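So you can see what is in the structure, the chains are spelled out below.
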Amino acid sequence: SSGINAEYGGRVMGELVQYITYLNRESSFLQGICPDMSVCTLTGLYAMVGAAAVLSGVTRMTVSLVVIMFELTGGITYIVPIMVAVMTAKWVGDFITPNGIYDAHITINGYPYLEGKERFMHTSVCQDVCKMKQVKELTTICSSTATVHDLERLLESTTYNGFPIVADDQYRIVVGYVSRTDLTRALKCARDKHIDLVSASRVYFSDGLMRSNAGGGPISVALGKFVNHDPICIEPKTPLAHTIDMFTKLGLSQVLITHRGKLKGIITRKDVLRHIDYLKTSSNGQNFF
């Protein structure tokens, strides 16, 4: 809609220039550069230049926008005015605000987007981001005691997108990670395929499907194929700049913080963005990229 409005505005400007040219048609200057006054002003060109300028100022597109306009017009003659308008609009937009409309929407909606073009320049480490919560406060799945009822209750009572899997509740040795989507699908498939699966059935996070209990109790289910047995883990003293590179280049949603295999915390993209906003606030808006 912005491009359409700009196109109308550019057309109006073109009609105005054409009218001024017509009023001064007897001028020797205009007679020299435009003998045929009927085609002296191309109002359609003004419309295209106006649309390109507004789109460039709003989205901060440059080369790609010029190429698009070139494809629309089909003439190489109009590239120069379009390039001038696009670059001027971008410079004016950058002077008013550093971000375009898409970056603004990302900020307003709170999307966990990390810019990977420039390196983060600060001495923060990972333990500063997650503040090293008490291990008991972390929501985890114990692989040695988990049952179907425990997992279903965990899904109902929390909204986390994933859960670390630990060997026991005392030492919290990380043995894997399972996403909320995979865990929900795995439990639903197990319920649908095996009618003898009950809430007290044990859950094992190893390879395989079903296990029969030798003692005559309820059968158990193995969900190993839904588990990431080698989640990416980092040390608490890892620089935050290195962690941001991992998020942007590897496309990670979260990283586990461990020390000698023991779970110490979790960092997500939103945690990193909140910490960056905190640093900017405490340093009077200083940019660390």
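Presented here is a report on the structure given in the accompanying data block. If you're wondering where the values come from, they're calculated on a predicted model, not measured in any experiment.

### A closer look at the overall build of the protein chain
The number of helices and strands found in the protein chain is eleven helices and nine strands. Counting the 289 residues in the protein chain, one finds 34% classified as buried. Carbon and sulfur atoms make up 58% of the accessible area of the protein chain, which totals about 17700 Å².

### Side note on the pattern of salt bridges
Summed over the entire model, instances satisfying the criterion amount to six salt bridges. A salt bridge links R191 to E152; the nearest nitrogen and oxygen atoms lie 3.1 Å apart. On the criterion of sequence distance, the pair formed by R191 in helix α9 (residues 180–193) and E152 in helix α8 (residues 148–157) is long-range, its members being 39 residues apart. For E152, a relative accessible area of 23% translates into the label partly exposed. When the shortest N-O distance is used, the salt bridge between R274 and D271 registers 2.5 Å. Taken together, the positions of R274 and D271, both in helix α11 (residues 269–282) and three residues apart, correspond to about one turn of that helix. The network of salt bridges with common partners includes R60, K90 and D94.

### Some words on the environment of Y78
Its location among the elements puts Y78 in the loop between α4 (63–73) and α5 (79–96). Taking the C-alpha atoms as reference points, Y78 and V49, separated by 29 residues in sequence, lie 8.8 Å from one another.

### As for the sheet that holds strand β7 (residues 233–234)
Strands sit in the order β7-β8-β9 across an open sheet of three strands; the sheet is mixed. Only two strands of the sheet have a single neighbouring strand rather than two, namely β7 and β9 (262–268).

### Some points on unusual backbone geometry
Positive phi values are uncommon outside glycine, yet R60 reaches one of about 65°. Mapped onto the fold, R60 is located in the loop between α3 (43–59) and α4. Of the residues examined, R60 reaches a relative accessible area of 15% and is grouped as buried.

### Concerning the sheet that holds strand β1 (residues 141–142)
Here three strands make up an open sheet; going across it, the order is β1-β2-β3 and the pairing mixed. Each end of this open sheet is capped by a strand with a single partner; those strands are β1 and β3 (174–179). Across two bridges, β1 lies against strand β2 (residues 162–166) in parallel orientation. Bridging across to β2, I141 finds its partner in I165. The sheet strands contacting α9 are β1, β2 and β3, and the helix crosses β3 at an angle near 80°.

### Examining a nonpolar patch on the surface
Residues L16, Y19 and I20 make up a contiguous nonpolar surface patch of about 300 Å² in total accessible area. As for its position among the elements, Y19 is in helix α1 (residues 2–23).

### Some words on the environment of T62
Examined against the element boundaries, T62 turns out to sit in the loop between α3 and α4. Linking T62 and M87, residues 25 residues apart in sequence, is a C-alpha distance of 6.8 Å. When near neighbours in sequence (up to four residues on either side) are disregarded, T62 contacts V86, M87 and K90.

### Topic: α8
Listed as buried for α8 are V148, L151, L154 and L155. Here the buried residues of α8 occupy an arc of 130° about the axis, which is enough to place them on one side. Structural note: α8 exposes R153, E156 and S157 on the side pointing more than 90 degrees away from its buried face. Looking at the buried side of α8, the elements it contacts are β1, β2, α9, β4 (203–204) and β6 (220–222).

### Some thoughts on the nonpolar core
Among the nonpolar cores identified, the biggest contains 21 residues, and I141, L151, L183, F205 and L223 are the most heavily contacted of them. Looking at this core, the elements with two or more residues in it are α8, β2 and α9. When near neighbours in sequence (up to four residues on either side) are disregarded, L183 contacts I141, L151, L155, F163, V178 and L223. Formed by 17 residues, the second largest nonpolar core is a distinct cluster that contains C130, I257, I276 and L279.

Conventions and cut-offs
- Residues numbered from 1 in each chain as written.
- Predicted model: local features only at pLDDT ≥ 70, side-chain atom pairs only at ≥ 80, totals over all residues.
- Heavy atoms only, no water.
- Helix = DSSP H or I, 4+ residues; strand = E, 2+ residues; numbered from the N terminus.
- Buried < 20%, exposed > 50% of the residue type's maximum accessible area, 1.4 Å probe, protein only.
- Areas by Shrake-Rupley, 256 points an atom, 1.4 Å probe, with all protein chains shown as cover.
- Salt bridge = Lys/Arg side-chain N within 4 Å of Asp/Glu carboxyl O.
- Pairing = 2+ DSSP bridges.
- Contact = heavy atoms within 4.5 Å.
- Axes fitted to C-alpha atoms, helices over the stretch in contact; angles between N-to-C directions.
- Patch = residues over 30% accessible without salt bridge, like charges linked within 9 Å, V, L, I, M, F, W, Y side chains within 5 Å.
- Arc of directions from axis to C-beta.
- Core = buried A, V, L, I, M, F, W, Y, C linked by side-chain atoms within 4.5 Å.

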